[in-house]
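# Structural characterization, general
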Protein chains: 2
Amino acid sequence: MGLTKSAQFTDQQNKKASVFKALGHPARIAIIEYILTQKTCICNDLVGTLPLSQATVSQHLKELKDAKIIKGTIEGNSLCYCLNPELLTEIKFIIEQYIVGIEQNDSPCC
Amino acid sequence: MGLTKSAQFTDQQNKKASVFKALGHPARIAIIEYILTQKTCICNDLVGTLPLSQATVSQHLKELKDAKIIKGTIEGNSLCYCLNPELLTEIKFIIEQYIVGIEQNDSPCC
DNA sequence: AAATTATATCGTAATATTGCGATATATCTA
DNA sequence: TAGATATATCGCAATATTACGATATAATTT
C-alpha cells in the first residue's frame, strides 16, 4: 500500500493535484513569497533567508520549477528564478470554477 | 531527517501550505469535483465512485474536513458533506495576491 | 432487541517526502 | 589555468502519507 492510485484518476485531476501538492509545503510558500518581495528575481540568497540547507532549498526550487510555478533563466554563474504568472492564473481559474460550481447548486444543504 | 521544519516558518505560511497540501491528492480533487456534480450533498456513494476502499475515502474526507475545504452535517445515519465556499474564496485571494504581486514588479526578468 | 447501514478509527505495510552532507557541474574571476 | 562561487544531484536516515482490512460507533429498520 502507500502507492497513490494515480492511474485511476483523470489526467486533469492528477495534474491539478500535483500543482497543489507543490504549493503544499511551507518552505515552498516562503520561497514564493520571498520572490514577491524582490523586484528582480532571486538566486540563492534564499539559502540565507530560509532555515534550510542549500541542498534542500535547491530541491524545493526544483519542485516548484517542475510544477511550472516558477521559471528560471541562467544569469552568469547563478540562476534567476521568477514566478510564472500563467500558471498562477490557471490555479486561480481552477478555484474560481469550484466556487462558481457551488453557487450554481440551487439546493445547498450544509 | 524528514521532519518538516514548520516551526521555522510563519503561521500564515504553514496555514497556506496545509490547505494546498489538502488539495494535493487526486482522490481529494475527485471528491471535490464529485460534490460539485451533485445538486445536494454527498454521503458515501463516493465509495462506489472512487477506486478506493471505504476506509481510505473516509480518511480523505477527514483531511478535507480538517482543512475546512468541506463541511459536513449529520443526516440520519449518514453524513452529508458540502464544499465550504468561504475557504475556497480564501484560497482564491491567496493566489490573487500572488498574481497582483507579480504585476507590481516593475522589472520582471524571466 | 437484532440486523442493517453508514461512517470513523486502529493497526500495519508500503511508498513518498523531507532534509542534509558530500560531491558533481558549470561559470566567473584572479 | 587555478580557485572561488552558484547550483544541482546523489545517497542516506528519518518522518509522513497512502491504502486497506478489521473493528468500533452510531443511527435506522425490521
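The preceding data block contains the structure.
Described in the following lines is the structure provided in the data block. (Residues numbered from 1 in each chain as written. Chains lettered and ligands numbered in written order. Predicted model: local features only at pLDDT ≥ 70, side-chain atom pairs only at ≥ 80, totals over all residues. Heavy atoms only, no water.)

Close to DNA strand C lie 31 residues; A:K21, B:G2, B:N44, B:S78 and B:Y81 are nearest. Near the protein, within 4 Å, the atoms of DNA strand C are sugar or phosphate in 68% of cases. Within the contact set of DNA strand C, a phosphate oxygen lies 2.9 Å away from a backbone nitrogen or oxygen of A:S53. Contact between DNA strand C and B:L79: a phosphate oxygen at 2.9 Å from a main-chain N or O atom of the residue. Among the residues forming the surface near DNA strand C, the class breakdown is 10 nonpolar, 15 polar and six charged. (Near = heavy atom within 4 Å. Polar contact = N/O pair within 3.5 Å; in protein donor to acceptor, adjacent residues only side chain to side chain. Nonpolar A, V, L, I, M, F, W, Y, C, P; charged D, E, K, R; others polar.)

Residue and element names in this part refer to chain B. Here helix α4 (residues 54–66) spans 18 Å end to end across 13 residues, near enough to the 18 Å set by a 1.5 Å rise per residue. Turning to α4, its buried residues are V57, H60, L61 and L64. Seen end-on, α4 carries its buried residues on one side only, within an arc spanning 100°. For α4, the exposed residues set more than 90 degrees away from the buried face come down to A55, Q59 and D66. Buried residues along α4 sit in contact with α1 (11–23), α2 (26–37), α3 (46–49), β1 (70–75) and β2 (78–83). (Helix = DSSP H or I, 4+ residues; strand = E, 2+ residues; numbered from the N terminus. Expected span 1.5 Å × (residues − 1). Buried < 20%, exposed > 50% of the residue type's maximum accessible area, 1.4 Å probe, protein only. Arc of directions from axis to C-beta. Contact = heavy atoms within 4.5 Å.)

Take the packing of helix α5 (residues 85–104) of chain A against α2(B) next. The interhelical angle for the contact between α5(A) and α2(B), taken along N-to-C directions, is 30°, at an axis separation of 9 Å. Only B:I29, B:I32, B:E33 and B:L36 of α2(B) make contact with α5(A), whose side of the interface consists of A:Y98, A:G101 and A:I102. (Axes fitted to C-alpha atoms, helices over the stretch in contact; angles between N-to-C directions.)

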